[in-house]
Amino acid sequence: QVQLVESGGGLVQAGGSLRLSCVASRMIFRSNVMGWFRQAPGKQRELVAAITVGGSTDYTDSVKGRFTISRDNAKSTMYLQMNSLKSEDTGVYYCNAGVVLTRTRSGDYWGQGTQVTVSS
């Protein structure tokens, strides 16, 4: 049973923008921290941004000021607005959800991932 579905990835030039979406089942969305992880080629998966049920956010330092995470509770959807994209933002972006979700501990639920490629 698929419970997290991402969309919005693609190929973009450096300096451009993309918006990722993650649709979750209502049960998962309303009671879990939601977040975006990314995995670049040859690197470990890392937390990019997270948002609590109450709307508190956290970002990895490299995306602060460029990325914005948000959630629409009525649509059970989480977004990641990515601006001023850089080549180092390239990777597979995964939607994640869990009661606990931190930089060192991912949540229990994963989406299938969406590829983001930034050309320089």
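The rules behind each value
- Residues numbered from 1 in each chain as written.
- Predicted model: local features only at pLDDT ≥ 70, side-chain atom pairs only at ≥ 80, totals over all residues.
- Heavy atoms only, no water.
- Salt bridge = Lys/Arg side-chain N within 4 Å of Asp/Glu carboxyl O.
- Core = buried A, V, L, I, M, F, W, Y, C linked by side-chain atoms within 4.5 Å.
- Buried < 20%, exposed > 50% of the residue type's maximum accessible area, 1.4 Å probe, protein only.
- Helix = DSSP H or I, 4+ residues; strand = E, 2+ residues; numbered from the N terminus.
- Contact = heavy atoms within 4.5 Å.
- Pairing = 2+ DSSP bridges.

K.L.:
Mind showing me how you'd approach the pattern of salt bridges here?
P.N.:
Between side chains of opposite charge, pairing is possible as soon as their charged atoms come close. Enumeration over the complete set of coordinates arrives at five salt bridges. One salt bridge connects Arg38 with Glu46, and the closest N-O pair in it is separated by 2.8 Å. One salt-bridge network, in which partners are shared between bridges, spans Arg38, Glu46, Arg66 and Asp89.

K.L.:
Explanation requested: the nonpolar core in the structure shown.
P.N.:
Grouped burial of nonpolar side chains is what soluble globular proteins tend to show. In this structure, Met34, Trp36, Met78, Leu80, Met82 and Tyr93 are the most contacted members of the largest nonpolar core, which totals 26 residues. The dominant element in this core, judged by the number of residues it contributes, is strand E3 (residues 18-24), at four residues. Sequence-distant contacts of Met78, defined by excluding residues within four places in its chain, comprise Leu20, Ser21, Cys22, Phe29, Met34, Gly35, Trp36, Ile51, Ile69, Ser70, Arg71 and Cys95. Counting five residues, the second largest nonpolar core, distinct from the first, contains Phe37, Leu47, Ala50 and Leu101.

K.L.:
What exactly am I supposed to notice about the pairing of strand E9 (residues 91-98) here?
P.N.:
Regular strands place their side chains on alternate faces of the sheet. For E9, the buried fraction is high: seven of the eight residues fall into the buried class. With three bridges joining them, E9 and strand E11 (residues 114-119) adopt antiparallel strand pairing. Bridge pairing links Gly91 to Val116 in E11. With two bridges joining them, E9 and strand E10 (residues 109-110) adopt antiparallel strand pairing. Note on E10: the bridge partner recorded for Asn96 is Trp110.

Honestly, it's all geometry; don't read function into it.
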